[in-house]
Each structure stands twice: as structure tokens, then as C-alpha cells.
Amino acid sequence: MPTQVLSHDPPIRIEFDPAKNVVLESSKQHRFLMFEHEVGMNSRRVPETRKLSEFLYAVREWSESHDAQLESTFVRIADGHLDIMFITKMTDYDPNFNDEMVDFDLELAKRFDWLRAEVMQIPGPVSESPISLRNSVQVYGDSI
Amino acid sequence: MATVSEHLDRANENQRFLDEIDQARYPGWTVTAAFYVAVHLASALLTDRGIVVDSHTDRNQALRDSFPTIWKQYHPLYDLSRQARYSCRKITTTASEDALRRLERITRAVELLLP
């Protein structure tokens, strides 16, 4: 599977400009371009940069609207889809948060039907979580 | 491709396994077994509707598209079992008890939707 490009690096934290485009320091631009490339390869569709930025921005916006519950959010390339990993401030699984998260999942599926994504709730903190951040970008929260 | 009846038989077999394990002692296996009951219930329903899926990603998408109410109950089982199996995350009894409640809702919904 062609997902080697980000594997040895920690996630890069992305920011957005007022037009909702991804903005990065020049040193990180190459890695984000590779992320875009991998998303295209793994989803078997090559998304336009603008569409991917809109998708990531939607995830960021939703995360910001749930800042009381969320520590950070990562988007990871998985096998044929993207994983959206919501790292919560809770110490345990939260059924109510899950319901809100799946409503968002349904909204994403309608709005971004060119991309397959799976949402995940992971009790934090991320530093103590066993999750892999290989091939991921951070769209919300403090840098790790 | 398995038939509706074969999926329901496998769901029942997995449910019997789920009923026999010590759920308090093995919450990770509880959510995993519950998920595999749900997989076959969902597959029975999709097969009945003529929807062919051959991967978790495809099944998830079909549930989102055709049965969003069931998807809302199915998703936590998928998510928790995936994390129990692959990420070594500790599954708590809060999570496994919620998974069992959601499996009951899926079972009732599928019973109502199948002829």
C-alpha cells in the first residue's frame, strides 16, 4: 500500500485562511501535498485541492463547536478511506458524544460524497492513547 | 454470496456466543462479538434489499445511505470493536453496556424491516 510518505514524521498541524484554504509553513507544504496525493490514491479518486480543504475545514469547524468535549482532532489515511479521530477530554467512551459524532458523519457523507471517511471517538489525552498517528494531519487542538 | 437466512443463522450463532461469555470480565470481546452479530443482521437486511457489499467500508456506506437510523446504532459497535481489536484500547463496561443496548435496537429494527 503506498502510504510511506508521512510514516516517519509526527502529524502536521494545518491552519486555514479566511477563504478556508489550508495554509502551511513552507517547510510543511511538501508533506501536505503528499497527504493530498495519498488521499487520492487510497480513495481511488483524486480530489481537487479545494475540495479536500473544504472537507478538512468542515472537520475543524465541527471540532471547534465541540471544544468542551474535544482535545484534538486528526485525519488519517486508512485503507480506502479516511479516519477522522476525535480525541476527547473525557476519560471514557461517551454515548451522547457518539450520537452527535455520527450525525456529523452522516452530514459529511452527504456533503462530501466523493470521499469515504469514518469517524472515531477516542478518550484522551492523545499522549496516552494507543492510536497510531501514521499518515495523519492534525486539524484541531494544540500541536502534539 | 450468503443468503438472508444464512446471515440470520450466523447472527444467531454469534448472539449465542455473546450470551455465553463473561461480559463483565471481557468487555473488549463483548463489543467485538456484539459487532459481529450486528454485521450479519445488517448484511441480512442489505441482502434482502438487493444491496451487495463485500467490505466493512462498503457495508458502512450502504447503511449510511439506506438505513441511517440503524447506522447510528451500528457505528459505535464498529468503532469500539475496531479499537478493541487493533489499537489495544481498553474497552470499559460503560462502552460495552452501551454497545449491548445498541445491538438490541439493531435487532429490533431488523426484525421489523425483514419480511
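Look up a bit, the structure's there.
In this numbering scheme, every chain counts its residues from 1 along its sequence in written order. Ligands are numbered from 1 and chains lettered from A, in the order in which they are written. Given that the model is predicted, a residue must reach a pLDDT of at least 70 before its local features are reported, and side-chain atom pairs must reach 80 or more before they are shown or counted; all residues, however, enter totals for whole chains, interfaces and linings.

K.L.:
Honestly, the overall build of chain A in this entry has me stumped. Any pointers?
P.N.:
Helix and strand counts for chain A come out as three helices and seven strands. Here a helix means four or more residues in a row that DSSP labels H or I, a strand means two or more in a row labelled E, and each is numbered from the N terminus. In sequence order, chain A lays out its α and β elements as β-β-β-α-α-β-β-α-β-β. The 144 residues of chain A split such that 36% are buried. Three exposure classes are used. Buried residues have 20 or more other C-beta atoms within 10 Å of their own C-beta, exposed residues have 12 or fewer, and partly exposed residues fall in between, all C-beta atoms being placed from the backbone.

K.L.:
Where do I start with helix 5 (residues 93–113) of chain B in this structure?
P.N.:
Two residues of an α-helix separated by three or four positions point the same way, owing to the 3.6 residues in each turn. A helix is expected to reach a length of 1.5 Å times the quantity of its residues less one. For helix 5 of chain B, spanning 21 residues, the distance from its first C-alpha to its last is 30 Å, which sits close to the expected 30 Å at 1.5 Å a residue. All of the buried residues in helix 5 of chain B are B:Ala95, B:Ser96, B:Asp98, B:Ala99, B:Arg102, B:Leu103, B:Ile106 and B:Val110. The arc that holds the buried residues of helix 5 of chain B, viewed along the axis, is 155°, so those residues lie on one side. Those residues of helix 5 of chain B that are exposed and aimed more than 90 degrees away from the buried face are B:Arg101, B:Glu104, B:Arg108, B:Glu111 and B:Leu112. Whether two residues are in contact depends on their C-beta atoms, placed from the backbone: they are in contact if these lie within 7 Å. Where helix 5 of chain B is buried, its residues contact helix 3 (95–111) of chain A together with helix 2 (27–48) and helix 4 (68–86) of chain B. Picture the helix axis, draw a direction to every C-beta atom, and the arc is the one those directions span.

K.L.:
Help me out: how do you make sense of the nonpolar core in this one?
P.N.:
If you look at soluble globular proteins, the nonpolar side chains tend to sit buried side by side. Residues and elements named next belong to chain B. In terms of nonpolar packing, the biggest core is built from 60 residues, with Ala-34, Ala-38 and Leu-77 touching the most fellow members. Looking at which element gives the most residues to this core, the answer is helix 2, with 12 residues. Excluding anything up to four places from it in sequence, Leu-77 contacts Val-31, Ala-34, Phe-35, Ala-38, Ala-99, Arg-102 and Leu-103. The term nonpolar core means buried Ala, Val, Leu, Ile, Met, Phe, Trp, Tyr and Cys residues held together as one set by C-beta atoms within 7 Å.

K.L.:
Looking at this structure, I do not really get the sheet that holds strand 4 (residues 70–77) of chain A. What am I missing?
P.N.:
Hydrogen bonds between backbone groups are what pair the strands of a sheet, and the pairing can be parallel or antiparallel. Residues and elements named next belong to chain A. In this analysis, strands are considered paired if DSSP registers two or more bridges between them. Pairing is mixed in the open sheet, where five strands are placed in the order 1-7-4-5-6. At either margin of the open sheet sits one strand with a lone partner, and together these are strand 1 (12–13) and strand 6 (117–123). Alignment of strand 5 (residues 82–88) against strand 6, held across seven bridges, turns out to be parallel. Looking at strand 6, one finds that Ile-87 is bridged to Ile-122. Axes here refer to lines fitted to C-alpha atoms; in helices the fit is confined to the stretch in contact. Angles between the N-to-C directions go from 0 to 180 degrees. Running over the sheet, helix 3 touches strand 5 and strand 6 and is turned about 160° from strand 6.

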